[in-house]
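# Fold and contact review
Each chain, written out:
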Amino acid sequence: MRARRPRGAARSARRGVWSWAAIALSGLLLAGCQTDHPQNTLTPQGPVADLQQNLWYVVFVIAVVVFILVQGLILYAVFRFRDRGDDDQSIPKQVAGNTRLEIMWTIIPAIILAAIAVPTVKTIFDLAAVPSDALQVRVIGKQYWWEFEYTGEEGQGVVTANELHIPVDRPVYLTMESLGQQPTDPTGVIHSFWVPKLAGKQDVVPGHQRTMTIEASEPGKYEGTCAEFCGLSHANMRFAVVAEETADFEAWIQSQTEPAASPTGGLAARGEQLFTERTCIACHAITGYEGGDEARVGPDLTHFQQREKFAGYILENNPENLTAWLKNPQAVKPGSQMPNLQLSDADVDALVAYLRTLE
Amino acid sequence: MAVTAQEPVTRRSAFRRPTAETGIWSWITTVDHKRIGILYWLTAFFFFLVGGIEALLIRVQLSRPENTLLSADAYNQLFTMHGLTMIFFALMPLGAAFFNYLLPLQIGARDVAFPRLNAFSYWVFLSAGIFIYSGVLLGGLPDGGWFNYAPLNLIGPDPTATEAAGQIAVAEANHISRMVFYSIGLQIAGIASLASSVNFIVTILNMRAPGMTLMRLPIFTWATFVTSFLMLFAMPVIGVALWQLMFDVRFGTNFFNPAAGGDPVLWQHMFWLFGHPEVYILILPAFGIVSEVLPVFARKPLFGYSAMVFSLIAIAFLGWGVWAHHMFAAGLGPVANAAFGLSTMFIAVPTGVKIFNWLGTLWGGRIRLTTPLLFGVGLVAMFTIGGLSGVTHSIVPSNYQQTDTYYVVAHFHYVMFGGSIFGLFAGTYYWFPKVTGRLLDDRLGKLHFWLMLIGFNVTFGPMHLLGMDGMPRRIYTYADGMGWNFWNLIETIGAFIIAASIAVFIANLAITRRRGEPAGDDPWDARTVEWMTTSPPPHYNFEEVPQISARDELWHRKYVGGATRPPVRVPAGASPDHDPGESAVDDQAQPAHGPGHTGHADIHMPSPSYYPVIAAAGMPIAGWGVYAGGPVQVALLALGGLLILSGLFGWVLEPSAEEHA
């Protein structure tokens, strides 16, 4: 079991009239005594997911009514009109149809659907609107991890990976691309950005730019995942959105603009040296380190220790996992672009020690 | 390629005409639609078992978090092949099996319009299956999903296998070969579907018994007719896309490569423009089957025949205008999403008409609770669930949450399994006595049904919940602590219950083969003309082509004046394109009869032929040529092309029926 950050005690008051249905469905989801559902779509935590959720409950309730009606009629018909095996061998009346009934069950569903269509179309256009005063973030999908680059006034140029920090109660406008190795390399594949508690999916398509809006109402860590099959480690392409109070967010983004401090000595200093010698620096940027700003093949590691997880948000950021990862990345995450550098145990220890200093 | 086959100069062919009437050669050279139907069913059922085993492996892998039974690579091949196998090599050909066997019998014809083309369809389908599965020996099976999105199908799952240069080469070669097996395998399968769709359409239009107007066609024949048109128009679309993909991966074109000005979204449009009609190609045959089964066992005519016919047509027509609902998250923009959301909603209307008309058929009947009836009612009940979850997909904003999750997996299994497979089993139990002369055991059949119904719902019902709980599709593993462990384990148990139900069915087949109850011509007191001939039918189907004067012709022959209400009188007469005095076989204008028709000298049947199987055999050989490189490539392409051409030439130069028996 993993430890998780406690969520705000006060849940959003934005619960529709369908909350009873949410309770019933959540009950089913909670079966098996698992209490943590980090990607549950039925507990939206922001206005975008709320809009999507509300429509679902409308159609869900109608579907349940139709379901009960049809299944009830089927069961009733089969039992009521079954051949009881008695002596009555009479042939039932040969009814070939009933025009009035047939017109009725053509028109009534059409009217119900037309009624659902109105709020559906309205919501499609509402969701596509560009929000004002939004935080601007460029999202880059790669095989198999996410890179986030802040492009607005706040934290311009800050680059991070797999954990996207946002302020609460403010829309975040994502401009999304899929790339290969370098930020100019168009050989990416399709990914899909999905944080169930904040918003539905948006595919990220190479050769195109896609946009979407997310917003969180409560501070917390919202888990997400790539939702479009993108290759061997599609299952290992996870991430999280960290929503913070505005002050906390501003402090965080300020910290991201600081360069990394060089370790003063010991094992970490040896690790820093290896980071260059073994060409880690060719792919991973560490701001403030000579020659390390432009490398964007792998995640920016300047503030690596601030991340809870790594390797596509699948491994807890601790020395044991780092050691296993550096020794054989492909074993942990098949198809990863991180090569196996055949590092000695001593080198791995030194690199881990260095990575642990990147606060 | 200049190929000059040593073609026969006379109408005597290169081979002596096959004459075997029993044994393996009689099956290889047969042009009898009934034998071809049986071959289709057996082959497709074999692939159904293969796809089922793949499904069980997938379910075992997902039964607990962080399972290591399967590697990511093995898992991706398995889920891809599960989809491809079930769609192209199990459900479509199972539908074709029913079309082949029943269509001529239902319309009172002696065979399909083009018997050798029919045999060709079967052998091409089989060679496509062999070809695509041969990849398992040649670098692996396709691994990009059945939808195989660009540009992953160009780039591959492992773009920089970085250990050593040799490994990069191997990984790239494997990726290319997997995509070659995908694109060529499906192109070959598409040829089989195209050929049979033309055959069925021509047969229905031209070979109906005298008096069988279009609105007197058995409803299953209508389903065949509509499905054939869907295949005729859908297969070329995917054919073009597959052709382009083949050139992209093998010969360096850039149709779908965004790095060179191509567009991966183009692949999605073409794939789903085929892919959505394909869904109806898979479900409409089952709709046709259940529309035959329910009336027979309720002892009432199909409720609202005309509405059922027009709803089939409406579903098929609307099915062309909804493809982008598979792409709501792709970013087509609000206008396209709204339009395709609306069209998707309204396809629910004709589908609802079908469900309510099936209810109307049951209502007021005297329902015999036999195995086929149970499977038929099972289809209505389970498909309703799939239809309702389908309507929830059309709510575009909510679809942004559900698409590419297990909710969608649940949805289409309720349609494809709860719909198609339940319907195909209803048809299997219903027509088995016609095909073999023996009844499948009803008690084992009911055990099969209940196990399957329970296993199906235990497997796929919880997938709705997992999807709502954020579990994406196509993941080979998931972390502990996501809240998904319990239902995944339950689903795996359900999958094994389904497997048990299939084992019961196979046992039923084996037992029936040895000591099944003899069926007689008409064991179910049925309504349509295929039950007028013997079980199994003679290879010329009917001694005398029946004159049709009503929908449910056989029922009217049996019950005129005997029912509580006299049957509706339909003016007797011929369909406009028929001379009522002419038998269906005369339409073929075949001057001679084949061998072995002693006692029926006036019945002219087409003769068996080697050429369909020869032409079909050339296709995978040419396909392996595309896979291979260098001189082997040229040699295999030449050999495959030679076989195809010589098969086609021999076929054309050979009379359809031999003049001397």
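## Some points on the overall build of chain B
Across its full length, chain B carries 19 helices and two strands. Within chain B, the proportion of its 661 residues that are buried is 62%. Taking contacts inside chain B between residues at least 6 apart in sequence as the whole, the part at least 24 apart equals 83%.

## Quick word on the nonpolar core
For soluble globular proteins, the rule of thumb is that nonpolar side chains tend to be buried together. Within the largest apolar cluster, 297 residues are counted, with the highest numbers of intra-cluster contacts made by Val241(A), Ala44(B), Val124(B), Val290(B), Leu312(B) and Ala426(B). If near-sequence neighbours (up to four positions away) are discounted, Val290(B) is found in contact with Trp358(B), Gly376(B), Leu379(B), Val380(B), Gly423(B) and Ala426(B).

## Brief notes about the domain arrangement of chain B
Accessible area lost when the parts come together is the quantity often used to give the size of an interface. All names here are of chain B. Segmentation of chain B into domains returns domain 1 (1–27 + 589–661) and domain 2 (31–65 + 73–588). At the interface, 23 residues of domain 1 touch 25 residues of domain 2. In terms of residue count, helix 18 (residues 611–627) provides more of the side of domain 1 that touches domain 2 than any other element does, 11 residues in total. For the side of domain 1 that touches domain 2, the residue count by class is 17 nonpolar, six polar and no charged.

## Overview of the packing of helix 3 (residues 72–106) of chain B against helix 8 (residues 264–298) of chain B
All names here are of chain B. Taken N-terminus to C-terminus, the directions of helix 3 and helix 8 make an angle of 35°; their axes are 9 Å apart at the nearest point. As helix 3 runs across helix 8, the sense of the crossing is left-handed. Taking contact as the criterion, the partners of Ile-87, Leu-91, Met-92, Gly-95 and Phe-98 in helix 3 are, on helix 8, Ile-281, Leu-282, Pro-285 and Ile-289.

## Overview of the interface of chain B and chain A
Listed by partner, the interface residues are 93 residues for chain B and 90 residues for chain A. The element best represented in the side of chain B that touches chain A is helix 11 (residues 348–362) of chain B, accounting for 10 residues. Here the side of chain B that touches chain A is composed, by residue class, of 55 nonpolar, 26 polar and 12 charged.

## What to know about the sheet that holds strand 6 (residues 191–195) of chain A
Residues and elements named next belong to chain A. Read across the sheet, five strands follow the order 4-10-9-6-7 without closing on themselves; strand pairing throughout is mixed. Strand pairing shows two members of the sheet lacking a second neighbour, strand 4 (163–167) and strand 7 (199–204), which therefore form its edges. Between one strand and the next, the sheet's axes are offset by a mean angle of 20°, whatever the strand orientation. In terms of strand pairing, strand 6 meets strand 7 through four bridges, oriented antiparallel. When the bridges of strand 7 are listed, Ser-192 appears paired with Asp-203.

## Brief notes about the sheet that holds strand 2 (residues 145–150) of chain A
Residues and elements named next belong to chain A. Pairing is mixed in the open sheet, where five strands are placed in the order 3-2-1-5-8. Unpaired on one side and paired on the other, strand 3 (159–161) and strand 8 (210–214) mark the two borders of the sheet. Along the sheet, successive strands turn relative to each other by an average axial angle of 25°, direction set aside. Bridge count between strand 2 and strand 3: three bridges; the pairing is antiparallel. Bridge assignment links Glu-149 to a residue of strand 3, and that residue is Val-159.

## Remarks on the environment of Glu553(B)
Within the fold, Glu553(B) resides in helix 17 (residues 553–559). Look past the residues within four positions of Glu553(B) in its chain and what remains in contact with it is Thr528(B), Val529(B), Pro546(B) and Ile548(B).

## What about unusual backbone geometry?
Tyr144(A) follows Gln143(A) through a cis peptide bond whose omega is 0°. Counting through the fold element by element, Tyr144(A) comes out in the loop between strand 1 (135–142) and strand 2. Cis peptide bonds are those with omega within 30 degrees of zero, and the linkage from Ser535(B) to Pro536(B) qualifies with -10°. Of note, Pro536(B) is situated in the loop between strand 2 (517–518) and helix 17.

## Section: the packing of helix 2 (residues 33–62) of chain B against helix 3 of chain B
Residues and elements named next belong to chain B. In the contact formed by helix 2 and helix 3, the axes pass within 7 Å of each other and the chain directions differ by 155°. As the angle between them shows, helix 2 and helix 3 are arranged roughly antiparallel. Of the two elements, helix 2 crosses helix 3, and the hand of that crossing is left-handed. Tallied by class, the residues present in the contact of helix 2 with helix 3 amount to 23 nonpolar, eight polar and two charged.

## Things to note about helix 3 (residues 99–128) of chain A
Working note: α-helix, 3.6 residues per turn, so residues spaced by three or four point in the same direction. Counted at 1.5 Å a residue, the expected span for helix 3 of chain A with its 30 residues is 44 Å, and the 43 Å between its end C-alpha atoms agrees. At Ala117(A), helix 3 of chain A shows its strongest bend, of approximately 25°, with the proline Pro119(A) following within four residues. Along helix 3 of chain A, the residues classified as buried are Glu102(A), Trp105(A), Pro109(A), Leu113(A), Thr120(A), Thr123(A) and Ile124(A). Those residues of helix 3 of chain A that are buried are in contact with helix 2 (47–80) of chain A together with helix 9 (305–318), helix 10 (334–346), helix 11 and helix 13 (396–402) of chain B.

## A few points about the domain arrangement of chain A
All names here are of chain A. Partitioning chain A into structural domains gives domain 1 (20–72 + 130–254) and domain 2 (266–356). Distance from the C-alpha centre of domain 1 to the C-alpha centre of domain 2: 27 Å. Contacts between domain 1 and domain 2 engage 20 residues on the former and 14 residues on the latter. When residues of the side of domain 1 that touches domain 2 are traced back to their parent elements, those giving at least two are strand 2, strand 3 and strand 10 (238–244). Broken down by class, the residue content of the side of domain 1 that touches domain 2 amounts to nine nonpolar, eight polar and three charged.

## Considering the confidence of the model for chain A
With 87% of its residues at a pLDDT of 70 or more, chain A has an overall mean of 88. Considering only residues more than four positions removed or in separate chains, one finds that residues 1–15 of chain A, a stretch of pLDDT under 50, has 13 contacts.

## Digging into the pairing of strand 4 of chain A
Residue and element names in this part refer to chain A. The buried fraction of strand 4 amounts to four of the five residues, a majority that puts the element mostly inside the structure. Where strand 4 lies against strand 10, five bridges are found, and the strand directions are parallel. In the strand pairing of strand 10, Glu-163 is matched with Ala-240.

## A look at the pairing of strand 5 (residues 172–178) of chain A
All names here are of chain A. Most of strand 5 sits out of view: five of its seven residues are buried. Pairing between strand 1 and strand 5: seven bridges, direction parallel. When the bridges of strand 5 are listed, Arg-138 appears paired with Thr-175.

Cut-offs used in this document
- Residues numbered from 1 in each chain as written.
- Chains lettered and ligands numbered in written order.
- Predicted model: local features only at pLDDT ≥ 70, side-chain atom pairs only at ≥ 80, totals over all residues.
- Helix = DSSP H or I, 4+ residues; strand = E, 2+ residues; numbered from the N terminus.
- Buried ≥ 20, exposed ≤ 12 C-beta atoms within 10 Å, placed from the backbone.
- Contact = placed C-beta atoms within 7 Å.
- Core = buried A, V, L, I, M, F, W, Y, C linked by C-beta atoms within 7 Å.
- Domains from an automatic or database assignment.
- Nonpolar A, V, L, I, M, F, W, Y, C, P; charged D, E, K, R; others polar.
- Axes fitted to C-alpha atoms, helices over the stretch in contact; angles between N-to-C directions.
- Left-handed = near helix turned anticlockwise from the far one by under 90°.
- Pairing = 2+ DSSP bridges.
- Parallel < 35°, antiparallel > 145°, perpendicular 65-115°, else oblique.
- Expected span 1.5 Å × (residues − 1).
- Bend = angle between axes of the 7 residues up to and from the residue.
- pLDDT = per-residue confidence, 0-100.

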